[in-house]
Amino acid sequence: MNNAASDLAIQNLVIVGRDAPVWLAACVMQSALGPAGLHVTVVELPGVMGPADTYATLPALEPLHARLRIDESRLMAATCGAFTLGKHFHDTTGRTAAFFHAYGSTGARIDNTEFLPNWIKARHYGLQVAFEDFSLTAAAARHGRMLVPDAEIERHGFTDYGYHLPAFPYGAWLKQLALRRGVSMHETQALGVLMKADTLDIAGVELDGGRRVMGDFFIDATGDGAALLAGKLGVQRESWRGSFPADRVLVAHAPPIPSLPVYADVRAGETGWLAVHPNQACTHVIHAFSSETSEHSAVVNAERLARLALSGTEIRVRDPGRRVFAWERNCVAIGEAACVFDPIHGADLQAVQLGLVHLLPLFPVDADYAAERNEYNKNLQAAFERIRDFQSAHYVLNRYDGAFWERARLTPVSRDLLRKIGVFRARGDVVHYEDESFSIDDWRALLLGHGVMPETWDPAVDRTPPDLLKEELRRILGFIRRKVEEQRSHAQYLQGARSPLQM
Amino acid sequence: MAHSPLHIVIVGGGSAGWMCAAACAQVLHPQRYRLTLIESDDIGTVGVGEATLPALRDFNTLLRIDEAQFMRETQATFKLGIEFRNWDWPGEHYVHPFGSFGQLWGGVEFQHHWLRARRRGLNPAPLEEFSCAVRACRRNAFEFPDPKTPRSTFYGYAYHFDAGLYAQFLRGWSRARGVKRIEGQVVDVALDGESGDITSLTLKSGQKLDGDFFVDASGFRSILLGDKLGSPWEDWTHFLPCDRAWAVPCERSADFTPFTRSIAQPAGWIWRIPLQHRTGNGHVFASRFVSEDQARATLLGQLDGRAIAEPKLLRFRAGRRAVAWKRNCVGIGLASGFLEPLESTSLFLIQQGIQDMLRLLPAPETGGVDERLSDEFNRLSDALYERIRDFLILHYVANRRHGEPLWDHVRSYPLPESLAHKLQLFASRGHVPYFKDGFFSRDSWLAVLFGQGLAPRAYDPLADFIPLAELDAKLRVLHASVATHAGNMPAHADVVTRYCGESEPARQVAMT
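Residues numbered from 1 in each chain as written. Chains lettered and ligands numbered in written order. Predicted model: local features only at pLDDT ≥ 70, side-chain atom pairs only at ≥ 80, totals over all residues. Heavy atoms only, no water.

Draft legend 1. Highlighting the side chain of Asp162(B). Residues and elements named next belong to chain B. Structurally, aspartate 162 can be placed in strand E7 (residues 158–162). Judged by relative accessible area, which is 12%, aspartate 162 ranks as buried. Engagement of the side chain of aspartate 162 in a polar contact is seen with the backbone nitrogen of glycine 164, the distance being 2.8 Å. (Helix = DSSP H or I, 4+ residues; strand = E, 2+ residues; numbered from the N terminus. Buried < 20%, exposed > 50% of the residue type's maximum accessible area, 1.4 Å probe, protein only. Polar contact = N/O pair within 3.5 Å; in protein donor to acceptor, adjacent residues only side chain to side chain.)

In structure tokens:
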């Protein structure tokens, strides 16, 4: 018996694009469908990512890496990346309450009921302790400790982590991995797209020097221009520009921060925000602002907000929006070719990942894949809109000073988000739709962080006696103090992660 | 506590009313919520033999109900799934089990591995033999599932019981926990002139009852939500034309199944629900395709025991109230909608409605209606009804019963787009979309799709990573382990007798 996969309708997959997205796509498609006989070829365009760029990833990337059998300690060593337990949001004046968006749950179940309604009720009766003070993940981050769950922590709640991955070395690492695993590659400066004569499908791409790479199916990872999906197949774009106040992004790097923090620091200034992403070899900074501010002023503002000497500064246009179909004919767009997000909350790699993870179980099995395409486009639209809503909430709910933030408060809000904010304010309940990338814990952190205080609570917690509630709240705080003490510092953890014993 | 308690008035004392009363009594704080239920001995409830879904166990757990006692008092038996006979074609049958087929290998769903084995000539055993629950059904066997068992041999279970006795059981339970019961019939409903909220009910006796929040559990009459508040009825009879049922109990037969049976008929289907003391039977039919008399005769002709009562005729319509929670009134059960009991969803819809209502109930501090919360309830309710509706229609359209008016009629009607899309995806590659919310699960869809004879054109090539020889070996090992697991289960009849039979309150079975 052999693994004959000769009846695979799509035999040649061509992935066109640049930087980490094209190589992540190649790794995923090759490892999942290589065994079925799929040939994966990458056409690599010149990269745009430089030493100032970093991916601040969501926790979902780690399981994808695990599926690709990527060794985390080697990856961190090779890229000089860092771990992150969440994001600390604050303004530089201190006038608006700061909050921590931790990648984990907050509190623990009390009397067999959810923690949040208990906290709302306790607060109603005078509790002064902030919600995030009950987050073990946030507490560890604030103390510079990486959190490694043991059995006790797993019983207590849920905790996770993301990465800060310097974009250039990360892309290079994925490229080596893809090539080792049998992906073919062509490099080119120029790109032309060839159509089939009889259908409206793409037949292949033309590279410089007249080389041609033909294929049955194409992934467009060329970035926001979507050279194949938009450039050739003409898929239109739905602009989200009106929902977001920033249309320019500045990236830069700075020397590493001693005693490496294990979270991103996001600072609101009057003309935009700035995020500091600590990494081992350097610190990456990103500043989002509106083009109403001059580039010169933006550089000055960025240095002031970062309080660091910046180098390698680059400024790029950012125009959020979604292609109305991510899959058209025999071409699927992933990452920015399908959807450009606002830079807050680091959703860029998540967009790539969503595109790939949804594609795998729907990858064409025969020539008729209309049902798969419809399903894919429906899922991706929902998934992208849910991320957009999370980011949009950050802007419309903000309480920061300055014209940038005032305008942000007036941006339009989707019906789905309006419902979410309304129900949370009314009851503290998170309406969690299908295809959410951000968890209920993420939404709680965001909404409470921006001051959406629930007016009532789930009546299921009413029966818990007040004394028991008080005792449990004290117990949780004590547990957090004790557990944080037990953790290693971020730097120690990275050392350990690098040591061969950990592999 | 500073605020006077919020007074919840439940109208109707069937399963819906008493399930709601019991859950409220269990969850809500008596100083914050006061509960009254109005029921009339003059109004019968629909209560017939009821088949349930595993979710009901969560409801009973919420109430901390002792399972053996509850089963004894409601004449309950265990249920591992539903057997559908003649649905695809006369003589064909399959089981929709409460459990999965096989297991995931390498993150790829089992049906793809199985389809691949078939496509590649490995001649795997039939799909249903990879379900522990189905194999137990074939042997009329039952055992409590062991939560430590791997997914391949795991399954859930539900109950068959007498719905009238269940309501009685919960009535006793609720009254012992402070629910006030008023005997009476509502003859008038007063609304607030400004807000349109219900303010009070007047009973036949002349008694006037004020309330803050009202649960309409009055059944099809929907006297608050439908009659008074005018929540419009959304009719689904074009999708699901059955509108009557004859119900009749008969003597218990030797065939003591751990499953509900549903037998397709020219103009509907017949249910068979085994209880401890009798078997519940009913014929759901479409009156435009068969006369009542003929349907009655069909039912009586297919009983496997002597009828022990006169058949009772029930009338219904498929559909729902467009707004299930309006102003300060929420409809629970038939007052908010009806879907034929083909997949045993009646009590599940009630239970889900109650649980969502409890979570979104007005607080005594705010008192009035909060539309942000009632809108969310309605969103959840819509999604649930629509998904179940699609699943039911699936049974009527995925078959080869051509030439019979009811079946031809349903097939001729355009499908809801959501269902047509699912059918295409399955036909293409055996894929069933996953949903976080709502029913039914992916496993359930697969059971019915495969069961009713649909076959995908291809399997998912993600399954190709396993070398064929290894796949062959894995399938054999799995098949044997499922067979052994199900083969070791005791007879359903014995488990019921030992665990919750009338004479012996033995609990040993649960302990071991």
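Draft legend 2. Here's a closer look at the side chain of Asp342(A). Residue and element names in this part refer to chain A. Within the secondary structure, aspartate 342 sits in the loop between strand E22 (339–340) and helix H9 (348–359). Nearest to the buried, unbridged aspartate 342 among oppositely charged side chains is arginine 318, at 6.5 Å. Of note is the side chain of aspartate 342, whose polar atom sits 3.0 Å from the backbone nitrogen of isoleucine 344. Apart from residues no more than four positions distant in its own chain, aspartate 342 is found in contact with Phe244, Ala246, Trp273, Arg318, Pro320, Gln391 and Tyr395. (Lys, Arg positive; Asp, Glu negative; His and termini not counted. Salt bridge = Lys/Arg side-chain N within 4 Å of Asp/Glu carboxyl O. Contact = heavy atoms within 4.5 Å.)

Draft legend 3. Focus on the sheet that holds strand E9 (residues 186–191) of chain B. Residues and elements named next belong to chain B. Pairing in this open sheet of 3 strands is antiparallel, and the strands run E9-E10-E11 from one edge to the other. Looking at strand neighbours, the two that pair on one side only are E9 and strand E11 (208–210), the edges of this open sheet. Sheet twist, expressed as the average angle between the axes of neighbouring strands with direction ignored, equals 25°. (Pairing = 2+ DSSP bridges. Axes fitted to C-alpha atoms, helices over the stretch in contact; angles between N-to-C directions.)

Draft legend 4. The arrangement of helix H6 (residues 163–175) of chain B in detail. Residues and elements named next belong to chain B. Taking 1.5 Å per residue as the helical rise, H6 with its 13 residues ought to reach 18 Å, and the 18 Å between its terminal C-alpha atoms agrees with that figure. When we look at burial in H6, the residues that qualify are Ala163, Tyr166, Ala167, Phe169, Leu170, Trp173 and Ser174. Viewed along the axis of H6, the buried residues span an arc of 160°, placing them on a single side of the element. You can read the cap of H6 off the contacts: a side-chain oxygen lies 2.8 Å from the backbone nitrogen of glycine 164, and it is on aspartate 162. (Expected span 1.5 Å × (residues − 1). Arc of directions from axis to C-beta.)

Draft legend 5. Looking closely at the environment of Ser290(A). All names here are of chain A. Structurally, the position occupied by serine 290 is in the loop between strand E17 (283–289) and helix H8 (295–306). With 10 residues separating them in the primary sequence, serine 290 and valine 300 have C-alpha atoms 14 Å apart. Non-local contacts of serine 290, meaning those with residues more than four positions away in its chain, are made with Pro245, Ala246, Asp247, Thr271, Phe404 and Arg407.

Draft legend 6. Representation of the pairing of strand E15 (residues 260–265) of chain B within the structure. Residue and element names in this part refer to chain B. In terms of residue burial, E15 counts as a mostly covered element, since 6 of its 6 residues are buried. On E15, burial covers both faces: Thr260, Ser262 and Ala264 on one face and Arg261, Ile263 and Gln265 on the other are all buried. Taken together, the 4 bridges between strand E5 (residues 81–85) and E15 define a ladder with parallel strand orientation. Within the sheet, the bridge partner assigned to phenylalanine 84 lies in E15 and is serine 262. Note that E15 and strand E16 (residues 268–274) share 5 bridges and pair antiparallel. Bridge pairing in E16 places serine 262 opposite tryptophan 271. Two successive antiparallel strands, E15 and E16, enclose a turn made up of 2 residues.

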